[in-house]
Amino acid sequence: MSMGKVRKAVIPAAGLGTRFLPATKAMPKEMLPVVDMPAIQYVVEEAVHAGLTDLLMITGRNKRSLEDHFDRTPALERALEEKGDRTRLEAVKHSSELGPIHYVRQGEAKGLGHAVLCARQHVGEEPFAVLLGDDLIDEHDGLLTTMMEVQAKTGGSVIALIEVDPSQISAYGCADVSVVEGEDYVRVNSLVEKPSVDEAPSNLAVIGRYVLHPAVFGVLEKTGPGRGGEIQLTDALQTLATDGEGGGVYGVVFKGRRFDTGDKLSYLKAVITLASERVEFGEELRAWMKAFVN
Ligand code: UTP
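Computed from a predicted structure; not experimentally measured. (Residues numbered from 1 in each chain as written. Predicted model: local features only at pLDDT ≥ 70, side-chain atom pairs only at ≥ 80, totals over all residues. Heavy atoms only, no water.)

Considerations on the packing of aromatic side chains
Ring pairs (aromatic) are described by centroid distance and by the angle formed between their planes.
Moving on, step 1. Here the structure, examined in full by the defined rule, presents 4 aromatic pairs.
Moving on, step 2. Here Phe20 and Tyr267 contribute two aromatic rings whose centre-to-centre distance is 5.2 Å and whose plane-to-plane angle is 90°, an arrangement assigned as edge-to-face. Here the residue Phe20 occupies a position in the loop between strand 1 (8-13) and strand 2 (33-34), and Tyr267 occupies one in helix 10 (residues 264-276), the gap between them amounting to 247 residues.
Moving on, step 3. Between Trp288 and Phe292 the ring centres are 5.0 Å apart and the planes differ by 20°, which places this aromatic pair in the stacked class. You can see Trp288 and its partner Phe292 sitting in helix 11 (residues 282-293), 4 residues apart, about one turn around the helix. (Phe/Tyr/Trp six-rings, centres within 6.5 Å; stacked < 30°, edge-to-face > 60°. Helix = DSSP H or I, 4+ residues; strand = E, 2+ residues; numbered from the N terminus.)

Quick word on the pairing of strand 10 (residues 186-193)
Moving on, step 1. Across 7 bridges, the pairing between strand 9 (residues 173-179) and strand 10 is antiparallel. Note on strand 10: the bridge partner recorded for Asp176 is Ser190.
Moving on, step 2. Counting the residues that bridge the hairpin from strand 9 to strand 10 gives 6 residues, and of these Gly182 lies at a positive phi of roughly 75°.
Moving on, step 3. Sheet analysis places strand 10 next to strand 12 (residues 249-253), joined by 2 bridges and oriented antiparallel. Bridging from a neighbouring strand, Val186 pairs with Gly251 of strand 12. (Pairing = 2+ DSSP bridges.)

Here's the deal with the site of the ligand
Moving on, step 1. Taken together, 19 residues are adjacent to the ligand, and Gly17, Thr18, Glu30, Gln106 and Gly111 come closest.
Moving on, step 2. Glu30 places a side-chain nitrogen or oxygen 2.8 Å from an oxygen atom of the ligand.
Moving on, step 3. Gly111 has a polar backbone atom sitting 2.7 Å from an oxygen atom of the ligand.
Moving on, step 4. Coverage of the ligand by the protein chains reaches 87% of its 570 Å² of free accessible surface.
Moving on, step 5. Counting only elements with at least two residues in the shell around the ligand, the list comes to strand 1 and helix 5 (112-117). (Near = heavy atom within 4 Å. Polar contact = N/O pair within 3.5 Å; in protein donor to acceptor, adjacent residues only side chain to side chain. Areas by Shrake-Rupley, 256 points an atom, 1.4 Å probe, with all protein chains shown as cover.)

Points about unusual backbone geometry
Moving on, step 1. Backbone torsion omega between Leu21 and Pro22 reads 5°, so that peptide bond is classified as cis.
Moving on, step 2. At Val35, a residue that is not glycine, the phi angle is positive and equals roughly 65°.
Moving on, step 3. Its place among the elements puts Val35 in the loop between strand 2 and strand 3 (37-38).
Moving on, step 4. Under the relative-accessibility criterion, Val35 is labelled partly exposed at 24%.
Moving on, step 5. Backbone geometry places Lys194, a non-glycine residue, at a positive phi of 40°.
Moving on, step 6. For Lys194, the location among the structural elements is in the loop between strand 10 and strand 11 (204-212). (Buried < 20%, exposed > 50% of the residue type's maximum accessible area, 1.4 Å probe, protein only.)

Here you go:
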């Protein structure tokens, strides 16, 4: 079934962020600053730049700061205006002009699959993108745009994959794939969430970008708790891949940069990498790091 252009983005940000405690006790991990912008803003900007005009964020108990960040702040704007601080004023306004963002609460963090299911009513019967709020992807590589093209071509669901060292696969969903003749995407035959090294069918790990067929909602509704007692999106995609329902599942292998800001080490790498590229202080930071390492 061809259902037209993808317009909607679902951004789950309701996880408990236990890997980043205690920082995430009273604040969502998606609000952790990467240099000077919360991680979630990179993700929202990526969606907007890919042409997605309807944004739905799935939030949880600590939603206040997420909503506030993308809202107007008249008092702050006035203060900056009075000071004549144009640069900061523009930065502050920019985050509230990324487009109307809708919010729905997950109520209880029952897993990523459950978070996506919370978007059902808003999304309806059209293909939609999912961008995990703690996964930073270098948008210069145009991953999301490529994935939307593959969705339009196949009519199915599309996931993003990276090659990882086999010893790392147990931290991810893992895909068994086969080549599609003459195409640069792959067919996903099956998926397994966080397999042990021996069970893993490949070293292809699922990362936080999806373009999904709405048939996933019906499947999620029937998907029981899986790994870790959570309703796993991977399990629903496994059903779509093996049943062929909703046009099957395809994969795009991503070769660019990606950081999981919900993981402390990966978060630190994201901060250092992006900071070292800043014109204002990148050069000074790189010089300092060299001296520090020595
Ligand atoms: P993670 O598995 O990384 O999130 O989910 P988590 O459960 O918060 O992480 P830890 O393991 O406890 O540290 C990936 C994405 O899915 C969202 C998260 O907010 C994150 O963006 N998520 C996860 C939800 O929205 N709801 C959930 O129930 C689970």
